[in-house]
Amino acid sequence: MKRLILLCSLLLPAQSALEAPVLAQVLDAEGFLTPVHGTAGNFVAGRRMPGPALLAYSNDGVIEWRLEPGRLSAIRDGAMATVTTTATRAIFRGDRAVLPESNETWRLAGDTFVYSSDEPLAQLAGRVITWRDGKLRIFQKDGAEEEVECLQEPESMTAAASNWAHVVIAGRAHLLRLTPGRVELFVLPRRGRE
Amino acid sequence: MRLLVAFLLALPLAAQVQVYTSQGDLLGPSVNLGNAAARDSTEFRFRAVNAGAEAVALQTVAVNGAGFSLGTPFLPVTLGAGQAYEFSVRFAPTGEGSYSASLTVNSFTTLLRATAVPGPSLFLTLGGQTTELTASSLQVNVAVGQSLTVAFSLGNPNAAPIVLNEISITGAGFAVDAPAAPVTIRPGETVPIPVRITAGAEGDTSGLLVIGPRRFNIIASVFRPQLAPPQIVLGNVLPRNGQQLKIRLQLDQPALGPGSGTLRATFTGATEDAAIVFPNGTREVKFDVAAGSRDATFDGAIETVLQTGTTVGTLRLDATTETGVTTWTYRFDRGAVVVDEAVARRNGSNLEIEITGFDNTREVGSLNFRFFDRAGAPLGGVITTTPADQFRTYFAQSNLGGVFKLRAVFPVTGDATIVGSVLIEIANQVGRTDLQRLSFP
């Protein structure tokens, strides 16, 4: 048997072992990137991140997409790709960004963008999510299907973390937990008065 | 007193007093008051005006004739130049036919004439009961914004058909749904004439319902309904920390009119908890109740949620309207650590474990880790750590209640790939929480 020594550390140099958990990152009503702290169903919107208001944002834990006036950017594995654009709306699905106004689809290939003629994947944080008959159906990465009640069709769905989607229903922000076996739709409270 | 009497007697009595109808027509030697329904009581209003330049004493107002009567006048009165005195004559014929009476106002005399004709009966249906209305007016209460339909109907108690040349109603907010005139009602026949009253502003308003020879006053007292405090209905059977509590507000009875109120959450705990908020990010939300509804709505939604936070303490909800408050309270007791998510991963030769959860006591005491190889056999003993000081320091700076994210790193000397999984126990003073076995990918 190989020799194995385990040493426990709760505090790495310059890195706190205890912190306020950031569950997801979403755009607030004014378009500013905002972290969501807490646990499932117990959310606290944090302070807005520095930077300008964004037109669209997505972060599925693998790719972070940002659409800001004049520029589309994506960060994967620390490498950033950018392209200039006049788009004001974007839908991010996996490694593809759909710009509905110009009917363009960009695909992130390495650290650059390429035009894509493929049908954009319906994937969101690696899952396929559909709405039908008052329910959101989540097809997990392993093909398992889960559903959660959602009486109105969402206006938008955006990846907010590897296991969270930011869902807007009837103008109200929600967070959809995508963790296999623990799918649940929560209301995302607005940031309180500071 | 003697001086006053002398003064009154000295006032001119003669023709400087003129009498007008309520429509402003000057009375001559005779006046035809028109038709009125037999057995009905109809009031005719007149105005005596001092048309002269000097004051005049009004000493006599009298009516003399069968079927006519006069309310007791408060006489004498002195009318200055241009001043008027109003009085009314009631015509209550006992049967059909022509009637006349003399009306005397000081020295002026005129002949009042009126004809009693067969009239319809007026019925009111309320709660399945139909009653004939014999009075000349009806008062109803209507809530502001409410539209009330009064179920009137007409009947013919006579032996011959009645022809009604007019069925109408005057008055703001009043409308009658009647067949177009002329309307013939055969003996024994009933014709519904529902009257709809749409209440605008608070206060009294009246409508005059004219049914052929009959006149009927409807007085609507428009009131602003006051909302009773609603019941607080929870969608979750057993509230607990770390959840979104579903809340509905329900009235015992449907609201008479629209109303609103506030639902306020008050938390009393050892520490503040920023997560205890409604969807608007505060601890107070407004609710509305539509007229006729029992359910309150929050921005149009029938339900709201309140995050219960992750701290020991007492949560109180107050549903307040202008007439009172309904209160619900719940105490969140000290509990074992709740783990929301735990992840194990490899990072080079390190094994990393992240645990996200909450401890509502904010007193995490110990953590036990037991590692297993890929076959499930234990690797060494239990590694115990007591990070109470670190938790205390963290919670002292946190406004997130008992929420924490712990990251434990295990530097491995040797071949870390043989480690397959880990069992974790986390304990506070209340008890121990066992996590499900975490596998290292």
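### Description of the overall build of chain B
Working step 1: Secondary structure summary: chain B contains two helices and 38 strands in total.
Working step 2: Over its C-alpha atoms chain B spans a radius of gyration of 42 Å, topping by over 25% the 22 Å that the globule rule assigns to 441 residues.
Working step 3: Judged by the C-alpha coordinates and their principal axes, chain B covers about 130 × 65 × 30 Å.
Working step 4: Counting every position in chain B, which comprises 441 residues, the buried fraction comes to 44%.
Working step 5: Carbon together with sulfur atoms contributes 51% to the accessible area of chain B, which is approximately 21,000 Å² in total.
Working step 6: Positive and negative side-chain charges of chain B, numbering 31 and 34 respectively, have mean locations separated by a distance of 2 Å.

### Concerning the domain arrangement of chain B
Quoted interface sizes are often the accessible area lost when the parts come together.
Working step 1: By domain assignment, chain B separates into domain 1 (2-117), domain 2 (121-223), domain 3 (231-332) and domain 4 (338-439).
Working step 2: Taken over C-alpha atoms, the centre of domain 1 of chain B sits 102 Å from the centre of domain 4 of chain B.

### What to know about the sheet that holds strand β18 (residues 156-161) of chain A
Residue and element names in this part refer to chain A.
Working step 1: Taken in spatial order, the four strands line up as β18-β19-β20-β21 in an open sheet, and their pairing is antiparallel. For this open sheet the edge positions go to β18 and β21 (184-187), each flanked by a neighbour on one side alone. Between one strand axis and the next, the sheet turns through 30 degrees on average, direction left out of account.
Working step 2: Inspection of the sheet shows strand β19 (residues 164-169) paired to strand β20 (residues 172-177) by six bridges, in the antiparallel sense. Within β20, the position partnered with Val 167 by the bridge is His 174.

### Things to note about helix α2 (residues 388-397) of chain B
Working step 1: Along α2 of chain B, the residues classified as buried are Phe 391, Tyr 394 and Phe 395 of chain B. Seen along its axis, α2 of chain B keeps its buried residues to an arc of 95 degrees; they face one direction. The exposed set on the far side of α2 of chain B, more than 90 degrees from its buried face, consists of Asp 389, Arg 392, Ala 396 and Gln 397 of chain B.
Working step 2: Where α2 of chain B is buried, its residues contact β2 (18-19) of chain A together with β35 (403-414) of chain B.

### Quick notes on the interface of chain A and chain B
Working step 1: Tallying the contact residues gives 39 residues for chain A and 53 residues for chain B.
Working step 2: Summed over both sides, the interface between chain A and chain B buries roughly 3,700 Å², with carbon and sulfur atoms accounting for 60% of that surface.
Working step 3: For the pair chain A and chain B, the number of links is four salt bridges.
Working step 4: Our enumeration of links across chain A and chain B arrives at 13 residue pairs in polar contact (both at pLDDT 80 or more).

### Some thoughts on the nonpolar core
All names here are of chain B.
Working step 1: Core analysis: the largest hydrophobic core is formed by 29 residues, its most contacted members being Ile 353, Phe 369, Phe 371, Phe 404 and Ile 424.
Working step 2: Looking at this core, the elements with two or more residues in it are β32 (350-358), β33 (366-373), α2, β35 and β36 (419-427).
Working step 3: When residues in this core are grouped by element, the largest group, five residues, is from β35.

### Structural notes on the environment of Leu 164 of chain B
Working step 1: Its location among the elements puts Leu 164 of chain B in strand β15 (residues 162-164).
Working step 2: Along the sequence, Leu 164 of chain B and Gly 119 of chain B sit 45 residues apart, while their C-alpha atoms lie 8.6 Å from each other.

Basis of the calculations
Per-chain numbering applies: the sequence of each chain, read as written, is numbered from 1 onward. Chain letters start at A and ligand numbers start at 1, both assigned in the order the entries are written. pLDDT decides what is reported in this predicted model: residues at 70 or higher carry local features, side-chain atom pairs at 80 or more are listed and counted, and totals for whole chains, interfaces and linings draw on all residues regardless. Processing note: side-chain calculations cover all non-hydrogen atoms of the structure and skip hydrogens and water entirely. Only DSSP runs of H or I reaching four residues or more are called helices, and only runs of E reaching two or more are called strands; each is numbered from the N terminus. Every radius of gyration here is taken over C-alpha atoms, with the globule rule written as 2.2 Å times N^0.38, N being the number of residues. Classification of residues uses two cut-offs on accessible area relative to the type maximum, computed with a 1.4 Å probe and protein chains only: under 20% is buried, over 50% is exposed, and between them is partly exposed. Where accessible areas are quoted, they stem from the Shrake-Rupley method and a 1.4 Å probe; at the residue level, only the protein chains shown are allowed to cover. Positive charges come from Lys and Arg, negative ones from Asp and Glu, while His and the chain ends are left out of the count. Charge coordinates come from a single atom per side chain, which is NZ of Lys, CZ of Arg, CG of Asp or CD of Glu. Domain start and stop points were drawn from an automatic or database domain assignment. Note: two strands are recorded as paired if DSSP finds a minimum of 2 bridges between them. Axis lines are fitted to C-alpha atoms, over the contacting stretch for helices. Their N-to-C directions set the angle, which ranges from 0 to 180 degrees. This arc is built from the directions going out from the helix axis to the C-beta atoms. We call two residues contacting when some pair of their heavy atoms lies within 4.5 Å. Each of two parts loses accessible area, computed with a 1.4 Å probe, when they are put together; buried area is these two losses added. When a carboxyl oxygen of Asp or Glu lies within 4 Å of a side-chain nitrogen of Lys or Arg, that pair is called a salt bridge. Identification of polar contacts relies on pairs of N or O atoms within 3.5 Å, with a donor-acceptor requirement for protein atoms, meaning one able to donate a hydrogen and the other able to accept it, and with residues adjacent in sequence counted only if both atoms are side-chain atoms. The set of buried Ala, Val, Leu, Ile, Met, Phe, Trp, Tyr and Cys residues whose side-chain atoms join them within 4.5 Å is what this entry labels a nonpolar core.

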